[in-house]
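If you want the building blocks of each chain, they are given just below.
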Amino acid sequence: VKYSPQGDKFISGGNGPICVWSRNGKLLIEIKGHNYAVMSLCWSKDGAHIFSGSFDYTIRKWRAIDGKELVVLRGHTNAVTSLCLTPNERYIVSASDDCSIRIWDLKTNQAVGDPLLHDDRVFAVAMSPDGKCIASSGLDKKIYIW
């Protein structure tokens, strides 16, 4: 579950569609497209786009107003467990059960560089406010700063 940056809506994932809700809990839209459960969600700063990571190994970008799928990012070889946007929103960073962190260029929709590797599944990824560091953690019981 994630609140929109404006605080007027929130989104939820899980085993069904991604749901966009009003602040008071009214279902606004259902977004369908992933083949398996949605594990991670995030909003663009302006609230216009939603990003999702799934057990179907993909990251998707959706238009928040109507749920139109805009981009599918493929490259992970297992579930995508966590997502975060860089402060300038040029890149999205993903964590996966494939033991990797990937950085994606949202202008080219391609992975940037080689994956950053953990010794086991990765559960969480976060970006520093200045966009210079990525922190990640996972089943290997380590926190990495990249």
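Procedures and definitions
Residues numbered from 1 in each chain as written. Predicted model: local features only at pLDDT ≥ 70, side-chain atom pairs only at ≥ 80, totals over all residues. Heavy atoms only, no water. Helix = DSSP H or I, 4+ residues; strand = E, 2+ residues; numbered from the N terminus. Rg over C-alpha atoms; globule rule 2.2 N^0.38 Å. Buried < 20%, exposed > 50% of the residue type's maximum accessible area, 1.4 Å probe, protein only. Contact = heavy atoms within 4.5 Å. Areas by Shrake-Rupley, 256 points an atom, 1.4 Å probe, with all protein chains shown as cover. Lys, Arg positive; Asp, Glu negative; His and termini not counted. Charge placed at Lys NZ, Arg CZ, Asp CG, Glu CD. Polar contact = N/O pair within 3.5 Å; in protein donor to acceptor, adjacent residues only side chain to side chain. Disulfide = S-S within 2.5 Å. Salt bridge = Lys/Arg side-chain N within 4 Å of Asp/Glu carboxyl O.

Remarks on the overall build of the protein chain
Turning to step 1, where the next piece is worked out: Each helix and strand in the protein chain was counted, giving zero helices and 16 strands.
Turning to step 2, where the next piece is worked out: The C-alpha radius of gyration computed for the protein chain amounts to 14 Å, which stays within 12% of the reference 15 Å derived for 146 residues, consistent with globular compactness.
Turning to step 3, where the next piece is worked out: Overall, the protein chain is about 40 × 30 × 30 Å in size when its C-alpha atoms are taken along their principal axes.
Turning to step 4, where the next piece is worked out: In the protein chain, which comprises 146 residues, the share counted as buried stands at 45%.
Turning to step 5, where the next piece is worked out: Sequence separation of at least 24 residues holds for 32% of the intrachain contacts in the protein chain that already meet a minimum separation of 6.
Turning to step 6, where the next piece is worked out: For the protein chain, the accessible surface area stands at approximately 7600 Å², while carbon and sulfur atoms represent 51% of it.
Turning to step 7, where the next piece is worked out: For the protein chain, the centre of its 18 positive side-chain charges and the centre of its 15 negative side-chain charges are spaced 5 Å apart.

Observations concerning the side chain of D105
Turning to step 1, where the next piece is worked out: Tracing the backbone through its elements, the reader meets D105 in strand β11 (residues 100–105).
Turning to step 2, where the next piece is worked out: Ignoring anything within four residues of it in the chain, the contact list for D105 reads R90, Y91, Q110 and V112.

Structural notes on the environment of S128
Turning to step 1, where the next piece is worked out: Relative to the helices and strands, S128 is located in the loop between β14 (122–127) and β15 (134–138).
Turning to step 2, where the next piece is worked out: Under the relative-accessibility criterion, S128 is labelled buried at 18%.
Turning to step 3, where the next piece is worked out: For the pair S128 and P87, spaced 41 residues apart in the sequence, the C-alpha separation amounts to 8.3 Å.
Turning to step 4, where the next piece is worked out: When near neighbours in sequence (up to four residues on either side) are disregarded, S128 contacts P87 and C133.
Turning to step 5, where the next piece is worked out: A polar atom in the side chain of S128 sits 3.2 Å from the backbone nitrogen of K132.

A short note on the state of the cysteines
Turning to step 1, where the next piece is worked out: Throughout the structure, instances matching the rule amount to zero disulfides.
Turning to step 2, where the next piece is worked out: Of all cysteine sulfurs, the one in C84 lies closest to C42, which takes part in no disulfide; the gap is 7.4 Å.
Turning to step 3, where the next piece is worked out: Accessibility expressed as a relative area gives 9% for C42, which makes it buried.

Details of the pattern of salt bridges
Turning to step 1, where the next piece is worked out: In the structure shown here, the tally under the stated rule is six salt bridges.
Turning to step 2, where the next piece is worked out: We note a salt bridge from D66 to R63, for which the minimum N-O separation is 2.7 Å.
Turning to step 3, where the next piece is worked out: Its relative accessible area of 30% is what places R63 among the partly exposed residues.
Turning to step 4, where the next piece is worked out: One salt bridge connects R90 with D105, and the closest N-O pair in it is separated by 2.7 Å. Taken together, the residues R90 in the loop between β9 (80–85) and β10 (91–96) and D105 in strand β11 connect sequence positions 15 residues apart.
Turning to step 5, where the next piece is worked out: R90 gets classed as partly exposed once you look at its relative accessible area, which sits at 29%.
Turning to step 6, where the next piece is worked out: Taken together, the shared-partner salt bridges in this structure form one network comprising D56, R60 and E69.

Everything listed is a geometric property; what it means functionally is a separate question.
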